[in-house]
Amino acid sequence: MSANLRYWLWLQAALGEGARIKEIIREFGSAKGLYESNILQWRMSSSLVPKQVSRLESIALDDVEEIIYNCRVNGWQIIDYEDERYPERLRVIDNPPAVLYIDGVFPDIDASVVIGIVGTRKASEYAVKVTQLMSSGVAQCGAVVVSGGALGVDTAAHRGAIICGGKTVCVLGCGFGTNYLIENKSLRESVKNNGALVTEFPPFTKAAKYTFPLRNRIISGLSLGVLVVEAGMKSGSLITANLALEQGRDVYAVPCSILSPQFAGTNKLINDGAVVAVKPADLLYPYAERYNLDLTRIKSVEQLMNETADKSANVLKSDKKFSFEALEQGRKKREKRHAAALALKGDALSVYQVLTDEFQHIDVISEKCSLPPSVVLSSLTMLEIADLAVSAGGKRYKQS
């Protein structure tokens, strides 16, 4: 733990995750320098707005002790912006996180070729296979694979690195200790044992719509290049690709079938100048000389297909939900639910729009959508039949 960790935690607690801190640090020197300045200096500052000053005034340094305690008892590391372990590659982006929480062994990012791999959660069997092959191929040559731990392409990226004994980093859009995406818990355990889980969100911070774009800038920020595999025209993967370009990173894309309009975003990236990647070597050649990569270890797609077929049968053998067949079935089920959601109207739509990934009591749902409990209950029953909602004891519901 660095000497000034508490000040960085205080800064993050006051200004929030994703806050643009570089101008503030340039003006005040450090988080400690900001804390030790007086309120008048804060109010006169050109880098702070009145709302931020109010937040700085309202958060005490002692307020971060619970975060430190929770991390200590759970074995989670905290790396702040001044820590020597903080990647320089991430420090130089436009809005670096004030702190990173680590579970596992964080690779030496600045000394490594890091390839980010992102894509749709509703991945086709083709995308899953391609992702796993590309990930295995680069990881076998010593590259670190970074992704976001979601279903579909992200899962295949992490598994590809793990299967060949490589290193992988999963950047989460939530804090440690939450139950977000519980079905991928075993994958996250495997990632932790073959690299690290990373997040900028304090322990027990739940995932929300705003957390994932923030997460994406870290995926691209850690990477030298970002590979996009199957992405829609409006997707988090394209956000990551755009962030990568803003950060001066290389962007690669695997071509998608023109018969799959739901993944047209990937081909658009290629039209806009992304480098076409059809084999792992495409992702490694640009960095080989600078990072002393042994290119003789690069294998062809055919070789990787034979190897990964054998290794997949042994790695996480009992984990059937990560098989290509299970992922394809899951994709079809999600597409069916998506179509059902698009067909919703009236009260059912109002109720569905306030459901989240966390269980909520029917009274909370009723208040959010301004409908009587009896109408909400009727709508929830319909949503359950359509596989768009699930219930738990105590009249609690969430999106399926």
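Described below are features of the structure shown in this document. (Residues numbered from 1 in each chain as written. Predicted model: local features only at pLDDT ≥ 70, side-chain atom pairs only at ≥ 80, totals over all residues. Heavy atoms only, no water.)

1. Comments concerning the side chain of T178
Relative to the helices and strands, T178 resides in the loop between β5 (167-171) and α10 (185-193). Side-chain polar atoms of T178 contact the backbone oxygen of G175, separated by 3.2 Å. Contacts of T178, omitting those with residues within four sequence positions, involve F204, T205 and K206. (Helix = DSSP H or I, 4+ residues; strand = E, 2+ residues; numbered from the N terminus. Polar contact = N/O pair within 3.5 Å; in protein donor to acceptor, adjacent residues only side chain to side chain. Contact = heavy atoms within 4.5 Å.)

2. Section: helix α5 (residues 50-58)
Residue pairs spaced three or four apart in an α-helix point in one direction, given the helix's 3.6 residues per turn. Buried within α5 we find Q52, V53 and L56. The buried residues of α5 all sit within an arc of 100 degrees when viewed along its axis, so they share a single face. Pointing more than 90 degrees away from the buried face of α5 are the exposed residues P50 and K51. Lining the buried residues of α5 we find α1 (5-15), α3 (31-36) and α4 (39-44). (Buried < 20%, exposed > 50% of the residue type's maximum accessible area, 1.4 Å probe, protein only. Arc of directions from axis to C-beta.)

3. Considering the sheet that holds strand β9 (residues 275-276)
Sheets are built from strands paired through backbone hydrogen bonds, the pairs being either parallel or antiparallel. Across the sheet, which stays open at both edges, the nine strands sit in the order β1-β2-β6-β5-β4-β3-β7-β8-β9 with mixed pairing between neighbours. This sheet does not close on itself; its edge strands, each paired only once, are β1 (77-80) and β9. One ladder, built from four bridges, connects β1 with strand β2 (residues 99-104); its direction is antiparallel. Bridge pairing in β2 links D80 to V99. Across the face of the sheet, helix α13 (residues 264-271) comes into contact with β7 (225-229), β8 (250-254) and β9 while running at roughly 130 degrees to β8. (Pairing = 2+ DSSP bridges. Axes fitted to C-alpha atoms, helices over the stretch in contact; angles between N-to-C directions.)

4. Some points on the sheet that holds strand β11 (residues 389-392)
Read across the open sheet, the three strands follow the order β10-β12-β11; overall the sheet is antiparallel. Both outer strands of the open sheet, β10 (360-361) and β11, are each paired with one neighbouring strand and no more. In terms of strand pairing, β10 meets strand β12 (residues 396-399) through two bridges, oriented antiparallel. Considered in β12, the bridge of H361 is made with R396. Packing against the sheet, helix α19 (residues 373-385) makes contact with β11 and β12, and its axis sits at approximately 115 degrees to β11.

5. Section: the packing of aromatic side chains
Inspection of every chain in the model, using the stated rule, returns eight aromatic pairs. Summarising the aromatic geometry, the rings of W8 and Y81 are spaced 5.3 Å apart at their centres and angled 40 degrees between planes, so their arrangement reads as tilted. Of this pair, W8 sits in helix α1 while Y81 sits in the loop between β1 and α7 (88-91), and the two are 73 residues apart along the sequence. The exposure class of W8 is buried, given its relative accessible area of 0%. Residue classification places Y81 among the buried residues on the basis of a relative accessible area of 14%. Measuring from ring centre to ring centre gives 5.3 Å for W76 and F176, while their planes differ by 50 degrees; the resulting arrangement is tilted. Of this pair, W76 sits in the loop between α6 (65-74) and β1 while F176 sits in the loop between β5 and α10; the two residues are 100 residues apart in sequence, bridging distant segments of the chain. On the basis of relative accessibility, which here comes to 5%, the residue F176 falls in the buried class. One aromatic cluster in this structure is built from Y7, W10, Y35 and W42. (Phe/Tyr/Trp six-rings, centres within 6.5 Å; stacked < 30°, edge-to-face > 60°.)

6. Comments concerning the nonpolar core
Counting 72 residues, the largest nonpolar core has W8, L9, W10, L11, L34 and F106 as the members making the most contacts within it. It is α1 that provides the largest number of residues to this core, a total of eight residues. Setting aside its immediate chain neighbours within four residues, F106 contacts I79, R85, P87, V169, A196, V198 and L222. One finds A123, V130, A143 and L227 within the second-largest nonpolar core, a separate group that totals 31 residues. (Core = buried A, V, L, I, M, F, W, Y, C linked by side-chain atoms within 4.5 Å.)

7. Regarding the packing of helix α17 (residues 346-354) against helix α18 (residues 362-369)
Running from amino to carboxyl end, α17 crosses α18 at an angle of 115 degrees, the nearest separation of the two axes being 9 Å. Considering their axes alone, α17 and α18 lie roughly perpendicular with respect to each other. Seen from above, α17 lies across α18 with right-handed handedness. Here S350, V351 and V354 of α17 come into contact with α18, specifically with I365, K368 and C369. In the contact of α17 with α18, the residues fall into four nonpolar, one polar and one charged. (Parallel < 35°, antiparallel > 145°, perpendicular 65-115°, else oblique. Left-handed = near helix turned anticlockwise from the far one by under 90°. Nonpolar A, V, L, I, M, F, W, Y, C, P; charged D, E, K, R; others polar.)

8. Re the pattern of salt bridges
Evaluated as defined, the whole model comprises 11 salt bridges. Its salt-bridge partner being D94, residue R20 comes within 2.1 Å of it at the nearest N-O pair. Linking R20 in the loop between α1 and α2 (22-28) with D94 in the loop between α7 and β2, this pair joins segments that are 74 residues apart in sequence. Residues K129 and E125 are paired through a salt bridge, measuring 3.1 Å at the closest nitrogen-oxygen approach. Here E125 and K129 lie together in helix α8 (residues 125-140), a separation of four residues that amounts to about one turn. Look at K129 and you get partly exposed, because its relative accessible area is 36%. Accessibility expressed as a relative area gives 31% for E125, which makes it partly exposed. (Salt bridge = Lys/Arg side-chain N within 4 Å of Asp/Glu carboxyl O.)

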